[in-house]
Amino acid sequence: MHMLIYALVEASSEDEALAAGQSAFDRLVGVSPHADGVFDYYVTFGETDVTGAGQARWGERPAAAPVESDAGEELLEAGWEATVEEFEQNLADVRESLPKLSDEAVMRDENLVRHACHKLGAYRGLSVVLYDEHGHGIRDRERLDLILDSNQERWIVPADVHY
C-alpha cells in the first residue's frame, strides 16, 4: 500500500529542502541510526526514473516547494486535509465502538476499537501525514501554525511511502 506524506523543512533552496526532507523520510523508514521505521520505503518526486511509485503513481508534483508559493500552499492544504480526515475517521470509529462494548470486548479488540485508539494516538505512521524536519508528526493545527509562524523559510517536500 502507498500513501502521500509531507515534510515541512527549513531550507533556503530546493536542494536544501530535498536533503532535509529526505533526512526526515530516512528516519521514518528506519535508515537513520536508532530510528524505528514506520514505513517500508519512500520515493520523492524528484526521482523521475522510478516506476510504480512517486510520479508514476501520483502524477507530477514539485519535488519541493516554498510553503508560501502556490504549489507549496496546495501541498500543505492537501496534507492538512488528509490529516483532519484521518483524525475524524479514527475519532468516529472510537466514539461509535466504545459505548457499545464491554471492557472485555475492548480488551479483545472487538470492532478493531483498540486499533482505532492506537491510530488516533499515533505520532508517526499511517494516520500521520505531515512531519517536521526531524520526522516528528504534526498532528494538530496549533503545532502546524507554530512551525509555519517561525521566522525560518519553510519548504514542503512530498513523498510516496509504502507500508
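Above: the structure in question.
Small disclaimer: the values here were computed from a predicted structure and weren't measured.

Relative to the helices and strands, Arg154 is located in strand β5 (residues 154-162). Reaching out from Arg154, the side chain makes a polar contact with the side chain of Ser150 at a distance of 3.3 Å. Excluding its chain neighbours within four sequence positions, the residues that come into contact with Arg154 are Leu8, Val9, Glu10, Ala65, Pro66, Val67, Glu133 and Ile147.

Take the side chain of Ser127 next. Residue placement: Ser127 occurs in the loop between α5 (113-121) and β4 (130-132). Looking at Ser127, the relative accessible area reads 11%, which means it is buried. Of note is the side chain of Ser127, whose polar atom sits 2.8 Å from the backbone oxygen of Lys119. Excluding its chain neighbours within four sequence positions, the residues that come into contact with Ser127 are Glu86, Asn90, Lys119 and Ala122.

What follows covers the pattern of salt bridges. Applying the stated rule across the entire model yields five salt bridges. Two residues, Glu96 and Lys100, come together in a salt bridge whose shortest N-O distance is 3.7 Å. For Asp145, the salt bridge is made with Arg141, and the minimal N-O distance between the two is 2.9 Å. Of the two residues, Asp145 and Arg141 both sit in helix α6 (residues 141-148), four residues apart, roughly one turn of that helix.

Attention now moves to the packing of aromatic side chains. Going through the model one piece at a time under the given rule, you end up with one aromatic pair. Their ring planes at 50 degrees and their centres at 5.4 Å tell us that Phe25 and Tyr42 sit as a pair that is tilted. Highlighted residues: Phe25 in helix α1 (residues 14-29) and Tyr42 in strand β2 (residues 41-44), separated in sequence by 17 residues. Under the relative-accessibility criterion, Phe25 is labelled buried at 1%. Looking at Tyr42, the relative accessible area reads 17%, which means it is buried. The ring of Trp80 has Arg141 lying over it, and the distance from NZ or CZ to the ring centre is 5.4 Å.

Look at Asp109: it is not a glycine, yet its phi comes out positive at around 70 degrees. Even without a glycine there, the phi angle at Asn111 is positive, about 55 degrees. Note that Asn111 resides in the loop between α4 (103-107) and α5.

Once that is clear, we can look at the environment of Met1. Mapped onto the elements of the fold, Met1 is located in the segment before β1 (2-10). The residues contacting Met1, other than those within four sequence positions of it, are Val161, His162 and Tyr163.

For soluble globular proteins, nonpolar side chains are generally found buried alongside one another. Ranked by internal contacts, the top residues of the largest apolar core, which has 37 residues, are Ile5, Leu8, Phe25, Phe39 and Ile156. In this structure, Ile5 is in contact with Phe25, Leu28, Phe39, Val128, Val129, Tyr131, Val157, Pro158, Ala159 and Val161, ignoring residues within four places of it in sequence.

Next up on the list: the packing of helix α3 (residues 70-97) against α5. Two numbers describe how α3 lies on α5: the axes approach to 9 Å, and their chain directions differ by 145 degrees. Where α3 crosses over α5, the two elements pack in a sense that is left-handed. For the pair α3 and α5, contact is made by Glu86, Phe87, Asn90, Leu91, Asp93, Val94 and Ser97 and by Val113, Ala116, Cys117, Lys119 and Leu120, respectively.

The rules we used
- Residues numbered from 1 in each chain as written.
- Predicted model: local features only at pLDDT ≥ 70, side-chain atom pairs only at ≥ 80, totals over all residues.
- Heavy atoms only, no water.
- Helix = DSSP H or I, 4+ residues; strand = E, 2+ residues; numbered from the N terminus.
- Polar contact = N/O pair within 3.5 Å; in protein donor to acceptor, adjacent residues only side chain to side chain.
- Contact = heavy atoms within 4.5 Å.
- Buried < 20%, exposed > 50% of the residue type's maximum accessible area, 1.4 Å probe, protein only.
- Salt bridge = Lys/Arg side-chain N within 4 Å of Asp/Glu carboxyl O.
- Phe/Tyr/Trp six-rings, centres within 6.5 Å; stacked < 30°, edge-to-face > 60°.
- Lys NZ or Arg CZ within 6 Å of the ring centre and 35° of its normal.
- Core = buried A, V, L, I, M, F, W, Y, C linked by side-chain atoms within 4.5 Å.
- Axes fitted to C-alpha atoms, helices over the stretch in contact; angles between N-to-C directions.
- Left-handed = near helix turned anticlockwise from the far one by under 90°.

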